[in-house]
Amino acid sequence: MASDATIAKLEMEELDQHVQSRSHWQRAMYQLSHDYLTLLALGVVVLLTLLAIFAPQISTYVTGYRFDEENLSRTFSPPSYEHALGTDEQGRDHLTRLIWGGQVSLGIAFFASILSLTIGVTLGLFTGYYGGIVDDVMMWFITTLNSIPSLFLLLIISSVLGPSPVNLILVLGFLGWTGTMRLVRGETFTLREREFIVAARAMGASNARIMASHILPNIISIVIITLAIDIGVLILVESGLSFLGFGIPSFIPSWGNMLTNAQAYFQRAPHLVVMPGLLITITVLCLYVIGDGLRDAFDPTVND
Amino acid sequence: MKRFTHFLMVGALLTLVMALVGPAAAQDAEPNTGGVVIEGNIGSDPSSFNPLIGNDTTSSDIYGKMYPDIIAINPETLRSEPMQLGGLAESWEYDESGTVLTLYLRQDLVWSDGTPITADDWIWAADAVRSGETSSPRTSAFTTLADGTQAGGFVDSYEKIDDFTIEFVLGQPIFDDEGNVTEITPNCTAIDSIADVAVVPSHLYDAAFGMDYAAMDSDPFFVPTATFGPFTDPFFEAGVQVSMLGAPEYSDAVLGYVSPSEYVQLIVPDTTVEYERFLAGELTFIGVSADRQNDFRELAAEEGYQVFESPQNGYTYVGWNVADPANPQPGLDENGQLIDQGIHPVFGDVLVRQAMAYAIDTTSMIGTRPDGDTPASGILEGNGYQAVTHNSGEGVTFVDPGLDPYPFDQEKALEMLAEAGWSDQDGDGQLECNDCLYAREVDPDYNGTPMSFSLTTNAGNDVRERVGQTIREQLGQIGITVEYEAIDFGALVDLLLSQTHDAIIIGWSLGLPFDPDGRWAFSAESDIPGAGFAFTSYNNEELNDLWQEATTVPGCDPEARVELYQQAMQILYEDQPYLWLVINNVMAAAQPNVENWDPLPAANLWNMDAWRVLED
Amino acid sequence: MTRHIIRRLLQAIPTLIGVTLLSYMIMSFAPGGPLSFLGIANPQETSADVVADLEQKFGLSDPWYIQYGRWLIGTDIIFRLPQSETAATQDDAATTTRSTARTSNSVQGCSVLATERQGILRGDFGCSFKWRRPVVDLIAERLPATMELGIATLFVALFLGVPIGLFAAVTRGSLFDNFTRVFAVVGNAVPSFWMGLMLLLLFAFTLDILPSGGRCERMRVRLEDGSSGGCADVVPIYNRLEYLILPVFVLSLSGIAGYSRYMRTSMLDTINSDYVRTARAKGLTSRSVWLNHAARNALIPLATFLGPALVGVIGGAAITETIFSWPGLGRLIVEAVTNRDYPVIMASVIISALLTVIAYIISDVLYALFDPRIRF
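Residues numbered from 1 in each chain as written. Chains lettered and ligands numbered in written order. Predicted model: local features only at pLDDT ≥ 70, side-chain atom pairs only at ≥ 80, totals over all residues. Heavy atoms only, no water.

Counting secondary structure elements, chain A contains 13 helices and zero strands. Counting from the amino terminus, chain A carries its helices and strands in the arrangement α-α-α-α-α-α-α-α-α-α-α-α-α. With respect to the three principal axes, the spread of C-alpha positions in chain A is 75 × 45 × 30 Å. A burial count over chain A gives 56% of its 304 residues as buried. Just so you have it, chain A exposes about 12,400 Å², and 69% of that area is on carbon and sulfur atoms. Side-chain charges in chain A split into 15 positive and 24 negative, and the spacing between the mean points of these groups amounts to 4 Å. (Helix = DSSP H or I, 4+ residues; strand = E, 2+ residues; numbered from the N terminus. Buried < 20%, exposed > 50% of the residue type's maximum accessible area, 1.4 Å probe, protein only. Areas by Shrake-Rupley, 256 points an atom, 1.4 Å probe, with all protein chains shown as cover. Lys, Arg positive; Asp, Glu negative; His and termini not counted. Charge placed at Lys NZ, Arg CZ, Asp CG, Glu CD.)

Pasting the structure below:
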């Protein structure tokens, strides 16, 4: 379709300027190491990720509560010595739940992005490389999928599958790959005609080998940029699904369902609304900034 | 002001003592000048305006204001009584067998087009429902449908004697092998079935549908040109509101005329926004949820809101599936004989169910109201009562078995579980089956299986969702794994009816007119996978006999019935087919400028047609 | 040009077929299968006779492509059901007498169990389980509200996003440039339901300067034809703009951010391009170069954003409409999913896809019109 082609073309123009050489990566790294905003964002995300990964250890040794440990005689406590960030409606330690919530929210977003990226890159490589009928069928499928608002599909499928973190990862992963696939397909399209690919083919390299060792390394930068932005978007999607009542069960904390639950109690316990909202915003913001920073680093035309 | 009557039942005969307090005060106000009554609706649009096929609360809130009942409820006693506003019944009498009821109708009532309301108006509706051709859920009022299929109800036949007299044959049916009713035995709750079927203007319904009752399903929003009720002419704006206009000529109102000009259900997204809109003065009245009641009490004292509190007519509970969830069976076979339903691996044992009552701390869920500097605690924050058994003495029930709740004592619970063959032998903190009932009676290989079950409730009900989390956590502490999940309400009802669940948190609303009969929830005859409400498959012969006896007491003497129900409650209390949790405190509130706002327990809106919303 | 439009329309056909196939699959794989589509929630617990009867009546034992075809183009074309003739005549008779017995209430209902279907291609999407009304009616009365919100959102997003982006590009590195960039990113990183609720609490309930939701003031009016109407029927949109402010703000944030970012990049590219450099070298003022050359060219690709933007608005409306009690399609679909009202779900999916495809075509044609390089 023309509009698809146009978008792909625009994206290609943007990325076409890449110089496929070691110096390209070196240049990007140099650029990144001087982009303090991106480095700061990266630092924040790494810190949150570490907190999420070590949530079990932190809740055992530092905060001293389990994420589902209730105390119904101490509900809605404001921050205090025992509970650094207070307690929620079930008397659970808010800080502990925020840390575990990070594990769930970041985990779902991360694994779902990896899943959608894997699908997107694989299909993008194949369709872009082979073109022809495979490409036509894929493009038809994608146009179909893209013409339906993805939130509708998400709601429908997650209502059928039922709420659990694993289901959510699968649903988000299987519905989110079209953008990546189009990007990769467009890029592969142009790379296919490049001299070094033609040369490799002439030297008898198999298609699989060309795709894996010649084309893939050249699109890795797009993949990383997409990953960063996708994770951010999916954190927001997870919270939106929670709001509409299709998120994961609320005894398993995620930033999205914590924020949703807290809204009912915002008058009496504003502290419960602030932190999950802030954490979602900061994380997503940092991921966007990282995505932007990476794009700037890899794309010399945008910055000067 | 009130024109309510009281009636007493003496022996087998009903003596009616009328105490008509003259029709309302002088016409000091014109009808329909009392302003607009607006309430919030966190549901959705109505699906029908037809009282014969409507099947959801939004719809019944609308059509309930346009049609009379054949027997109405006295809002003060919450029982069916004759000579009530909006009710046709003037008096009734049973014959000696106790199964033939003659109902005399008031002769002073007319539809808004002047046509008198007669026996034909109920009979048309009954014929339509009983035809079985419609999607009407009220077929369950009848013993059999027109084509002979069993419908599970009490009304066996009805006959018009004259325009204002109907004779019914009703009671517990006994079927022969071919499914024909051979005998009817008296049943004290049978009379309430009559009122399940609404009264419709038969001349207009007949003109619209004739004998083609199924056509009502194609036109669920049919509104006849004449109605009988305080509000009429419903208009609905999708996703925004349903509005009804005050009926100008309706005289069966509390004041003798309808005061409000309009009644509106305004769609609101959730309780937070509903509450805020009430505080902003956009809603006339509201039900305040448990977690806001403490705040609102203070606010009302400052701002002058009117407040009314009463215990809920119902309770929240956990239903344990006592039968084998892998193979759901009905309670009775076609010949009325008990079917072996197997036992649930965990809850088949009464000791386990009793242990659950010790292991779960209901008191902490109910919690306490704030007191000085001490903040509120618990889930209901003191705005609820302990439910002990099916009829606990709180709320509108008149059966008070005087039972104490099981105390919270997890050590006692562990002892009982050990006695039942559940203990932690391998030291992993998890209880396992060691010669538990299921291993003894069904499958010896079950020994060593960790104690775990699924617990399900519906998403969107805050109290239930939070109670579920607490149960999961408290049982986790003593080594029982609970797989807890909150699913959407429709899916929960499907699961519950299918009887494939382990445990479900849900609530019963006990309904009006109030009757203590609990056979619909605790008997083999209501245990039908896919349809019956006795979804726990709990069955107790002794209890069945009590239910039977209590509904066939000669003359349905209330005191004799209460005694039997108290024994029944004792059995339920000991057998614990449910873990009874809480009875919510219902808080109704109205704006300071609403005059004549006078809620009664479980009948908050009984005199809405008398309200005046004053201009500021 | 006409040929191009026709070609684009033809190209849309496979997409729409794909969408109908996909919705049909949703119905088939739904818990309970196609029987649940007839309002039978638990087929395994319904008696075998009833199930067999229904399967026969609705032709459920036919191969899936027959059923799909029937759903697509109607029962009268794929096959005529045995009892259809009598049912039709009875219905006509009932309708004529009914008009005398009913009030002016304009709501039309329908029966889930009707065996005759016109097929979705002729606009018969069946009957909603939950609301017992023709799905088409349900969607038709919700669509204007969503379109109102959607168009207002696109409008605001374009008219704020484009100038912001242009100005940011022109004043690159300035305070304005940096501020708008940060604002755009932050606005996109906040969960929209959270922002919506906080804005509602602040502006509607605390400050009391904006309405607390809805599309219009609540009212009931008598229309000229004697039927009743709501506020949206009589109050023109320019008199109820205050209702649009909060929902449009929340919905258009991502659009504003997207357009301004896009315009900024696009403008920077154009400024650096050879012909603009040439123009400036010729001595034209920077102002006229930017406005006459650079901005115009930078605007062209924006047309391609129309399609995706509309999908985003319709999708995002589900959340925004819920918070702001906006009586639109998004809320309808959320309620339908909660109630497992498959006819409504399927129809909403198909109709929103149809709208999207149309938007894609329009944006494509606009692009072709604006860009002088494209010739047909």
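The subject of this paragraph is the confidence of the model for chain B. Residues and elements named next belong to chain B. Confidence in the prediction of chain B, expressed as mean pLDDT, is 87, and 95% of residues score 70 or more. Taken element by element, chain B is modelled with least confidence in strand β2 (residues 13-15), mean pLDDT 30, and with most confidence in helix α8 (residues 350-359), mean pLDDT 95. In this model residues 1-27 is a low-confidence stretch, pLDDT under 50, and it forms 51 contacts with partners more than four residues away in sequence or in other chains. Scored as a whole, the predicted complex attains pTM 0.85, and scored at its interfaces, ipTM 0.81. (pLDDT = per-residue confidence, 0-100. Contact = heavy atoms within 4.5 Å.)

Turning our attention to the packing of aromatic side chains. Going through the model one piece at a time under the given rule, you end up with 54 aromatic pairs over all chains. Taking the centre distance of 5.3 Å and the plane angle of 80 degrees together, the rings of F110(A) and F111(A) count as edge-to-face. Between F522(B) and W580(B) the ring centres are 6.2 Å apart and the planes differ by 45 degrees, which places this aromatic pair in the tilted class. Of the two residues, F522(B) sits in the loop between β23 (503-509) and α14 (541-551) while W580(B) sits in strand β24 (residues 578-590), which places them 58 residues apart along the sequence. (Phe/Tyr/Trp six-rings, centres within 6.5 Å; stacked < 30°, edge-to-face > 60°.)

The next point concerns a negative patch on the surface. Residues and elements named next belong to chain B. Together, E541, E542, D545, E549 and E574 give the surface a local cluster of negative charge. Per element, the largest residue contribution to the negative patch is four residues, and it comes from α14. Inspection of the secondary structure puts E541 in helix α14. (Patch = residues over 30% accessible without salt bridge, like charges linked within 9 Å, V, L, I, M, F, W, Y side chains within 5 Å. Salt bridge = Lys/Arg side-chain N within 4 Å of Asp/Glu carboxyl O.)

Here the focus is the sheet that holds strand β7 (residues 100-105) of chain B. Residue and element names in this part refer to chain B. Pairing is antiparallel in the open sheet, where four strands are placed in the order β6-β7-β9-β8. The open sheet has two free edges, formed respectively by β6 (89-94) and β8 (155-162), since each of these has just one partner strand. With strand direction ignored, the average angle separating the axes of adjacent strands in the sheet is 20 degrees. Helix-sheet contacts for helix α2 (residues 119-130) involve β7, β8 and β9 (165-170), and the interaxial angle to β8 is about 150 degrees. (Pairing = 2+ DSSP bridges. Axes fitted to C-alpha atoms, helices over the stretch in contact; angles between N-to-C directions.)

What follows is about the domain arrangement of chain B. Each assigned domain of chain B is listed here: domain 1 (4-65 + 229-284 + 591-613), domain 2 (72-194) and domain 3 (314-585). Distance from the C-alpha centre of domain 1 of chain B to the C-alpha centre of domain 3 of chain B: 36 Å. (Domains from an automatic or database assignment.)

One full turn of an α-helix is made of 3.6 residues, so residues set three or four places apart face in the same direction. The end-to-end C-alpha distance of helix α6 (residues 132-146) of chain A, which contains 15 residues, comes to 21 Å, matching closely the 21 Å that a straight helix rising 1.5 Å per residue would cover. Residues of α6(A) that are buried include every one of D135(A), M138(A), M139(A), I142(A), T143(A), T144(A) and L145(A), and no others. (Expected span 1.5 Å × (residues − 1).)

Another aspect to go through is the confidence of the model for chain A. In regions of low pLDDT, the predicted coordinates are not meant to be interpreted in detail. Per-residue confidence for chain A gives a mean pLDDT of 83, with 90% of residues at or over 70. Below pLDDT 50 for its whole length, residues 1-20 of chain A participates in 33 contacts with residues either more than four positions away or in separate chains.

So, on to the pairing of strand β17 (residues 314-320) of chain B. Of all seven residues making up β17(B), seven are buried, and the element is well covered by its neighbours. Residues of β17(B) alternate between two faces, with G314(B), T316(B), V318(B) and W320(B) on one and Y315(B), Y317(B) and G319(B) on the opposite face, all of them buried.

With 47 residues of chain C at the contact, the number on the chain B side is 55 residues. With both chains or domains summed, chain C and chain B bury close to 4,000 Å², and 50% of this area falls on carbon and sulfur atoms. Joining chain C to chain B, the criterion identifies five salt bridges. Taking the shortest distance from any N to any O, the salt bridge between R222(C) and D233(B) comes out at 3.6 Å. Linking chain C to chain B there are 12 residue pairs in polar contact (both at pLDDT 80 or more). (Buried area = accessible area lost by both parts, 1.4 Å probe. Polar contact = N/O pair within 3.5 Å; in protein donor to acceptor, adjacent residues only side chain to side chain.)

Turning our eyes to something else, we now look at the environment of L495(B). All names here are of chain B. Position of L495 relative to the elements: it lies in helix α13 (residues 489-498). Once the C-alpha coordinates of L495 and F535 are considered, the two residues, 40 residues apart in sequence, prove to be 9.8 Å apart. The residues contacting L495, other than those within four sequence positions of it, are T456, I487, T500, H501 and I504.

Looking now at the nonpolar core. Core analysis: the biggest nonpolar cluster contains 156 residues, and I235(A), L244(A), W71(C), L200(C) and I323(C) have the highest contact counts within it. In terms of residues, this core owes the most to one element, helix α11 (residues 207-243) of chain A, which gives 15 residues. Setting aside chain neighbours within four positions, we find L200(C) in contact with V273(B), F205(C), P211(C), S212(C), G213(C), L246(C), I323(C) and F324(C). (Core = buried A, V, L, I, M, F, W, Y, C linked by side-chain atoms within 4.5 Å.)

Okay, the pattern of salt bridges next. By the definition in use, this model includes 30 salt bridges over all chains. A salt bridge links E473(B) to R66(A), with the shortest nitrogen-to-oxygen separation between them at 3.3 Å. In this pair, E473(B) sits in helix α12 (residues 462-477) while R66(A) sits in the loop between α4 (55-63) and α5 (94-130), so the two residues belong to two different chains. Here R192(A) and E193(A) are joined by a salt bridge, their closest N and O atoms 3.2 Å apart. E193(A) sits in the exposed class, given a relative accessible area of 53%. Connected through salt bridges with shared partners, the residues R66(A), D68(A), E69(A), R472(B) and E473(B) form a single ionic network.

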